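Residue-level listing of the chains:
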Amino acid sequence: MSPEESKTIDFIREAVAEDLRTGRFSYVRTRLPPEPNGYLHIGHVKAFMIDYLIAKENNGELILRFDDTNPTKEETEFVDAIQDDARWLGIQWVKVTYASDYFGLLYDWAVQLVKKGLAYVDDQSPEEVSANRGTLTEPGKESPYRNRSVEENLDLLERMKNGEFPDGSRVLRAKIDMAHPNINMRDPVMYRIIHEPPHHRTGSKWKIYPMYDWAHGQNDSMEGITHSLCSLEYENHRPLYEWFPEQLGVWKPRQIEFARLNMTYTVMSKRKLRRLVEEKVVNGWDDPRMPTLRAMRRRGYTPEAVLDFIRRVGVAKNYSISDVSLLEACVRDDLNKRALRRMAVLRPLKVVIDNYPDNQTEEMDAVNNPEDPSAGTRKIQFSKIVYIEQDDFRETPPPKYYRLFPGNEVRLRYAYLVKCTHVVKNDKGEVVEVHCTYDPATRGGDAPDGRKVKSTIHWVSATHAKPIEVRMYDRLFTKENPEEGENDFIECLNPKSLEVLTGCAESILSAAKAGDRFQFERQGYFCADPDSAPDKPVFNLTVSLKDAWAKIEKKR
RNA sequence: UGGGGCGUGGUGCAAGGGCAGCACACCAGCCUUUGGAGCUGUGGAUCUUGGUUCGAAUCCAGGCGCCCCAGCCA
C-alpha cells in the first residue's frame, strides 16, 4: 500500500474512525463470515479485504468465523480450502471460530427470549408460514400458535431440541410484528428442525439448527465484534439484527453494508458457478476460466495483482460491475515487473535460412527481464532452421504489416537480421516453409551500417526446440453481463474460451515447474500447470500482452 | 400501489458549499532489439425539475430510473 492512496477514505473507514473518535467503540474487531459450502471467488476477496484491512489499520483483530448453521449444505473440505485461499492472499486472523461453537449459548439465549414472551413455537406447516407472511403490500396474519404460554413454548422447544418432532413440523419464531412493513420483522424463524445429515462438526448432537438471521448477529455479539461489515442485501435485515441484542441486553455491533463485487464477462453466484462445474462447461472449480481463487492461482495470477485490483475498484454502495480488463491490467502490471522473458512459438512455421551453414549452431545472449537487470541473461541456441509464429509471416502483407513477407527484412530477436526470399507451399497452396537469407554482420541483431528494421520477431531453433502444450484461455462468456436479460446465462458461453495448442520453446523452458510464471515474448504471461510432465510442460495463458497489431487488424 | 438502498465520462471510484479529478478502457503521437513496457497528448460525466445561496455534484423539496426484500438459504 502506498501512502498517497489514502488521501480519500471510503465511507466505512470513515464510520469506523468516527466510532473510535466518539467512543462508541474503544477497539475494532471484525470478522470474516464465509459459509463453508463452496470455494472462494474474487467477489469474496473484496469483502475479506475490507474486514481484514479495516481491522489491521485500526490495530484491531480479525476473526475467521465459519457460518455453519446448515448441515445440509456445508462440508469440511471447504473449511480447509477457504483458509488455504485466504492465506494465499496474505490475510491474517487471530482465531478461527464456527457458528456451531456457539450452538449451546445461542440456545440459552433463545430460551431467554421465550421466557420474556418474545419467541414462540409455531406448528404451522412451511406452506402456512409462507402464506401467512403477507405480501410486500399486505400485512401478514398472526399464527394461531402465536400466543401459547411460556411454559408450553419452553416444553415444545426443549422437545424440538431433543429430536421428538420430524423435520418441518415446527419452528421457533421471534414474536415481533406480523404487520411490519419490513418483511424480515414479521416473526422471523429462529430455529428449524433438521435430523439429517449430521453436522460436519457437531455430528448428530443437534436436531434443531439456527437460521442465519438468528445466529449471525448473536455470534457477532458473543465475539465482541465492533463492526459487522456485509453486503447490501443485508441492509433490510439490520433492524432485526438490532432487535435481538436489544431484547437480550447484550453487546451490539454496528453493521455497515457495501456493494458486493461483480465483474464483466463472468458470473459470481455460487449456484451458477456450481452449474458450470456440474454441467462440465469447465473442468472443475480450479479451471483457469473460473473466477475462483483456486482458478486464478492455477492460471498464474499473483496475490499482489488480485489485491491491487480489489484496492482499485474501491468501496461504495452503488450497484456496480467492475471491468475485468482492470483485473487484467493489474496482472500485467505486476507480472511485467517480475516475470522472466522466454521465447516460445505457439503456432510454428518453419523458416530455412539458406545461406547459414548446414550444421552450425550458435549461442546468443538474451536478457531475462528488461524491467529488472538483476534477472540477468541466458543463452539461446540458434541454427539454420528455426520456427517462427505463423502470424509473423504473410505472403501478401496487409497495410501496416511490418513482419516477415517476401522481400522484407526483420530481426530475429537476439540473433540476426533475415530477409525473406521465397516460400514453399503444399498441395493445398498453404505456405509450409519460408526461405530467408541472413546477414552475418548483424549478429545479436544490430546492423553495422545502421539500417533499421520495422519489426523484431521471436523464434525457436528447430534442432533445439522443446515441445510444450499451451492452453489459451479467453473470457468464458460473450456478454459483459451474462445474467442480464431473459436468457439463461449458459447460452452466452464463449465457444473459444479454451484452445489447446502444441508449440515449441527454447530448451530452458522444459525445466519449468508447476506454478512458474514467464512472459513468452510478444505474446503474454504464462504459468506452468500441475498437468506438466517432465518432458512436456503445460502452460496456461495467464493474460495476453496488449497487442497493437491485433487492434489494427480488428478495425479492418 | 409496502419497506430499505442507490443515481458523477464507456467502466469503477473521488471531490463533504468555491476551477468536477484519478484509474482502466478508448483515440492520437513519441520511443522501442517484445507492435510489450514506458512517455506525451485528445475527447468524453454530475438522472430530472424547482428552491436556498454571491456560488450547488454537494443542502432542501418534488419527480424519474435502477437494485434488494414475501426460504424452515446465507
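Everything below is about the structure shown above.
Read on for a plain summary of the structure. (Residues numbered from 1 in each chain as written. Chains lettered and ligands numbered in written order. Predicted model: local features only at pLDDT ≥ 70, side-chain atom pairs only at ≥ 80, totals over all residues. Heavy atoms only, no water.)

## Focus on the overall build of chain A
When you go through chain A residue by residue, the secondary structure sums to 13 helices and 25 strands. Seen through its C-alpha atoms, chain A measures out along the principal axes to roughly 100 × 55 × 45 Å. Out of the 556 residues in chain A, the part that is buried amounts to 52%. For chain A, restricting intrachain contacts to residue pairs at least 6 apart in sequence, the fraction spanning at least 24 positions comes to 72%. Accessible surface computed for chain A: about 25,600 Å², of which carbon and sulfur atoms make up 48%. Both charge centroids of chain A, one from 82 positive and one from 88 negative side chains, sit 3 Å from each other. (Helix = DSSP H or I, 4+ residues; strand = E, 2+ residues; numbered from the N terminus. Buried < 20%, exposed > 50% of the residue type's maximum accessible area, 1.4 Å probe, protein only. Contact = heavy atoms within 4.5 Å. Areas by Shrake-Rupley, 256 points an atom, 1.4 Å probe, with all protein chains shown as cover. Lys, Arg positive; Asp, Glu negative; His and termini not counted. Charge placed at Lys NZ, Arg CZ, Asp CG, Glu CD.)

## A look at the pairing of strand β1 (residues 29–32)
Burial along β1 is two-sided: Arg-29 and Arg-31 facing one way and Thr-30 and Leu-32 facing the other are all buried. Both β1 and strand β2 (residues 61–66) contribute to a ladder of four bridges, which runs parallel. What sits directly across from Thr-30, in β2, is Leu-62. This β-α-β element, β1 to helix α2 (residues 42–57) to β2, shows right-handed connectivity. (Pairing = 2+ DSSP bridges. Right-handed = clockwise from strand over helix to strand, strands pointing away.)

## A short note on the sheet that holds β1
Read across the open sheet, the three strands follow the order β1-β2-β3; overall the sheet is parallel. Taken across any chain shown, the strands that pair with only one partner, and hence form the sheet edges, are β1 and β3 (95–98). Mean inter-strand twist for the sheet, computed between neighbouring axes without regard to direction, equals 35°. For β2 and β3, the ladder comprises four bridges, and the chain directions are parallel. Its bridge partner lying in β3, Leu-64 is registered against Val-96. Packed onto the sheet, helix α3 (residues 76–88) meets β2 and β3 and runs at close to 155° relative to β2. (Axes fitted to C-alpha atoms, helices over the stretch in contact; angles between N-to-C directions.)

## Quick look at the pairing of strand β18 (residues 431–438)
Looking at chain direction, strand β12 (residues 348–353) and β18 are connected through four bridges and run parallel. The residue bridging Lys-350 from the neighbouring strand is Glu-433, located in β18. For strand β17 (residues 417–425) and β18, the ladder comprises seven bridges, and the chain directions are antiparallel. When the bridges of β18 are listed, Val-423 appears paired with Val-434. With antiparallel pairing between neighbouring strands as the criterion, β17 and β18 make up a hairpin whose turn holds five residues, including Gly-429 at a positive phi of roughly 85°.

## So, the sheet that holds strand β20 (residues 459–461)
The seven strands are arranged β19-β16-β17-β18-β12-β15-β20 in an open sheet whose pairing can be described as mixed. Edge positions in the sheet fall to β19 (456–457) and β20, since each of these pairs with one other strand and no more.

## Some points on the protein's contact with RNA strand B
Around RNA strand B, the structure places 68 residues, and the nearest of them are Glu-14, Arg-341, Gly-444, Gln-519 and Arg-522. Side-chain polar atom of Tyr-234 to a base nitrogen of RNA strand B: 2.7 Å apart, as the coordinates give it. Between a base oxygen of RNA strand B and a side-chain N or O atom of Arg-341, the distance comes to 2.3 Å. The set of elements that each furnish at least two residues to the surface near RNA strand B consists of α5 (126–131), β6 (189–193), α11 (303–313), α12 (324–338) and α13 (548–555). With five residues, the single largest contributor to the surface near RNA strand B is α13. (Near = heavy atom within 4 Å. Polar contact = N/O pair within 3.5 Å; in protein donor to acceptor, adjacent residues only side chain to side chain.)

## Describing unusual backbone geometry
For the bond running from Glu-196 to Pro-197, omega is -10°, close enough to zero to count as cis. One non-glycine residue with positive phi stands out, namely Asn-59, at about 55°. Its place among the elements puts Asn-59 in the loop between α2 and β2. Phi at Tyr-414 is positive, roughly 65°, even though this residue is not glycine. Assignment of secondary structure puts Tyr-414 in the loop between β16 (409–412) and β17.

## Observations regarding a positive patch on the surface
Together, Lys-400, Lys-546, Lys-551, Lys-555 and Arg-556 make up a region of like positive charge exposed at the surface. By the secondary structure assignment, Lys-555 is in helix α13. (Patch = residues over 30% accessible without salt bridge, like charges linked within 9 Å, V, L, I, M, F, W, Y side chains within 5 Å. Salt bridge = Lys/Arg side-chain N within 4 Å of Asp/Glu carboxyl O.)

## Topic: empty space enclosed by the protein
Counted according to the given criterion, the structure contains two cavities of 30 Å³ or more. By volume, the largest cavity is sized at about 130 Å³. Along the walls of the largest cavity sit His-216, Gly-217, Gln-218, Asp-220, Ser-228, Arg-238, Tyr-241, Glu-242, Pro-245, Lys-252, Pro-253 and Gln-255, which together make up its complete lining. Looking at the lining of the largest cavity, the elements with two or more residues in it are α7 (212–222) and α8 (238–248). Looking at the lining of the largest cavity residue by residue, the class counts come to three nonpolar, five polar and four charged. Each pocket or cavity is described by its volume, and for the second largest cavity that value is around 30 Å³. Lining of the second largest cavity is provided by Ile-380, Gln-381, Trp-459, Val-460, Ser-461, His-464, Glu-506 and Ser-507. If one sorts the elements of the lining of the second largest cavity by residue count, β20 sits on top with three residues. (1 Å grid on protein atoms, 1.4 Å probe; cavity = no way out; pocket = protein on both sides within 12 Å on 5 of 7 lines; lining within 4 Å. Points joined across faces, edges and corners; volume = space filled by probe spheres on them. Nonpolar A, V, L, I, M, F, W, Y, C, P; charged D, E, K, R; others polar.)

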